[in-house]
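In case you want the letters, here they are:
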Amino acid sequence: MTRAPVVLGLSALVAAAALAPVAVLLGMGIGAEVALGDRTLEVAANSLLLTGLTVVGAILVGVPLAFVTAYADLPGRRVWTGLLAAPLAVPSYLGAFAYFAAFGPGGEIQGLTGLPLPNVDGLAGGTLVMTLYTYPFVLLATRAALRNLDASTLEAARTLGMPLRQALWRVVLPRARNSVAAGGLLVALYTLSDFGTPAIMRVDTFTRVIFVEYNAFGLDRAAWLSITLLALVAVVLFLESRVGVVREAPGRPPELPLGRAGKALAVAGMVLVLTAALAVPIGVFGLWLVREGGAGFDPATLMNSTTASLLAALAAVAAALPVAYAATTGRLGRLLERAAYVGFGVPGIVLGTALVMVGLNLDFFYQSLALLVFAYVVRFLPLAVGNIRPPLERAEGGLVGAARSLGAGPGEAFRRVTLPLILPGLLAAAALVFLEAMRELPATLLLRPSGFETLATHLWRVYEAGYFGRGAVPALFLVLVSGAAVALMLKGERSRMDLT
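Residues numbered from 1 in each chain as written. Predicted model: local features only at pLDDT ≥ 70, side-chain atom pairs only at ≥ 80, totals over all residues. Heavy atoms only, no water.

For this particular structure, what's the right way to read the pattern of salt bridges?
Opposite charge on two side chains lets them pair, provided their charged atoms get close. All chains considered together, the criterion is met by nine salt bridges. With a shortest N-O distance of 2.8 Å, E108 and R291 are connected by a salt bridge. Residue E108 is located in helix α5 (residues 108-113), and its partner R291 is located in helix α12 (residues 259-292); the two are separated by 183 residues in the primary sequence. For E108, a relative accessible area of 14% puts it in the buried group. (Salt bridge = Lys/Arg side-chain N within 4 Å of Asp/Glu carboxyl O. Helix = DSSP H or I, 4+ residues; strand = E, 2+ residues; numbered from the N terminus. Buried < 20%, exposed > 50% of the residue type's maximum accessible area, 1.4 Å probe, protein only.)

So what exactly am I meant to see when it comes to a nonpolar patch on the surface here?
A cluster of nonpolar side chains, namely V6, L10 and L13, defines an oily patch on the protein surface of about 300 Å² accessible area. Among the structural elements, V6 can be located in helix α1 (residues 3-31). (Patch = residues over 30% accessible without salt bridge, like charges linked within 9 Å, V, L, I, M, F, W, Y side chains within 5 Å. Areas by Shrake-Rupley, 256 points an atom, 1.4 Å probe, with all protein chains shown as cover.)

Hey, could you run me through the packing of helix α6 (residues 122-147) against α12 in this one?
Axes are the key here: two packed helices are described by the angle between their axes and the distance separating the axes. Two elements in contact, α6 and α12, have axes whose closest approach is 10 Å; the angle formed by their N-to-C orientations is 120 degrees. On the basis of the axis angle, α6 is oblique to α12. Considering how the two elements wind past one another, α6 and α12 form a crossing that is left-handed. Here L132, Y133 and Y135 of α6 come into contact with α12, specifically with V273, L274, A276, A277 and P281. (Axes fitted to C-alpha atoms, helices over the stretch in contact; angles between N-to-C directions. Parallel < 35°, antiparallel > 145°, perpendicular 65-115°, else oblique. Left-handed = near helix turned anticlockwise from the far one by under 90°. Contact = heavy atoms within 4.5 Å.)

Mind showing me how you'd approach the side chain of S92 here?
Relative to the helices and strands, S92 resides in helix α4 (residues 92-102). Of the polar contacts made by the side chain of S92, one reaches the side chain of Y190; its length is 3.3 Å. Reaching out from S92, the side chain makes a polar contact with the side chain of T197 at a distance of 3.0 Å. Not counting the four nearest positions on each side in its chain, S92 is found in contact with V129, M130, Y133, Y190, D194 and T197. (Polar contact = N/O pair within 3.5 Å; in protein donor to acceptor, adjacent residues only side chain to side chain.)

Sorry if this is basic, but what is going on with the side chain of R439 here?
Mapped onto the elements, R439 comes out in helix α18 (residues 410-439). The class of R439 is buried, set by a relative accessible area of 15%. At a separation of 3.1 Å, a polar atom in the side chain of R439 contacts the side chain of E436.

Could you clarify how one ought to interpret unusual backbone geometry in this entry?
Among all residues except glycine, the phi angle is most often negative; among peptide bonds, the trans geometry is most common. Look at R202: it is not a glycine, yet its phi comes out positive at around 60 degrees. Structurally, R202 can be placed in the loop between α9 (196-201) and α10 (206-215). Within the chain, Q367 stands out as a residue other than glycine whose phi angle is a positive 50 degrees. Within the fold, Q367 resides in the loop between α16 (348-361) and α17 (369-405).

In this structure, what is going on with helix α20 (residues 455-465)? I would like to understand it.
Along an α-helix, residues three or four positions apart point the same way, because every turn accommodates 3.6 residues. Most of α20 is tucked away, with eight of its 11 residues classed as buried. Restricting attention to buried positions, one finds in α20 the residues L455, A456, T457, H458, L459, W460, V462 and Y463. Once α20 ends, the next one or two residues include G466, with phi positive near 85 degrees.

As structure tokens, then:
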């Protein structure tokens, strides 16, 4: 098609822009002379320990919940599944903020009940918080695999005399282990990349130390640490690509009777998890809202978040369209699409560090709204491409050819055939990028213009100042925004993660 060379050229420009921050970071890191000693090993150990413990915790929580919501004879399993997936709608840094403020001497819980509770911080606190907000990755991946397992497999094991518990352990779980591993690797990727939770919980992981080095003007050391973190993330992404999830034809899932005591235990466990993940942070933020109202919150903060996120959404859709189209044209287009996906695997703190260096070399770009929007686009471009490409493939599969055979030109075929078909995907892509940009913290902290506060950075500022109550409004706004983002994600993934 005559449009293909033009689209491939535009896609190549987008891919180059997505790769540029990583290239700059590698160039800075390689050209710097930095001594990496015991401190770096300690940071690496902390990062790996937090990641490993979180993965174990997410599996211990997510796998039993997957079995319960997939097989147990509980009423309202669909509702329970939706509720248990809801912690994805709370950015982990909000949960960390709430737990840090609620527990310990002088915390909100002691103020309400008089009970002297220990602090929730450090490695233990970080593991708890990260587990609460990442277990849904394991839950949803494992449950999807379990729901595709036909009941006859379990029934055959039972017919051969195998007890139910042993049959679940030796027959059912092995068929879902790749899905468990895939969910666990997503947890690992999220934990390695997260900045807010380790920073609030005071765990010296790579993300927290990179931010500290940046604030101390140690850009060379921040670059080296960023490269090291990027290497760990690359290892996780490689492992994730090697984990093949077993695809089975959907069958008749088994239904396991729990009995009265089993049902009570299952419901109690689910309520406990939901209380820890949702009720505690929402309760803390609601308490602050009642006690202090909107004190210290400037409506311009919401306007700033909205403006930057809207610009990012429009720019991301404009950049994603040629990338998505190029992916339908052949191997080169698919390679360019993969290159454009790099930003999604780069932690926000690493991307921010790289773009700070770009801004320092381009004075007009430094601490500008344009640089912040560029960071959002690089980071969330894959979300836009993922929503645009499927309807575009369907449109290009035959309908456009039919229109061209009837005499329509390329422009007319796009306007009258392609655009109406991909419009829902364009809107979903824009909405998802908008919502994700609204809650992005580390890249915004490093790249925002001077005096430019967003919801996420306002929350960070009140945490640092110790005026916790003033975080109520931005925190609740971010919960709503995150809930909408997760609802869109789950809607887009419904075919892969059946919630019925």
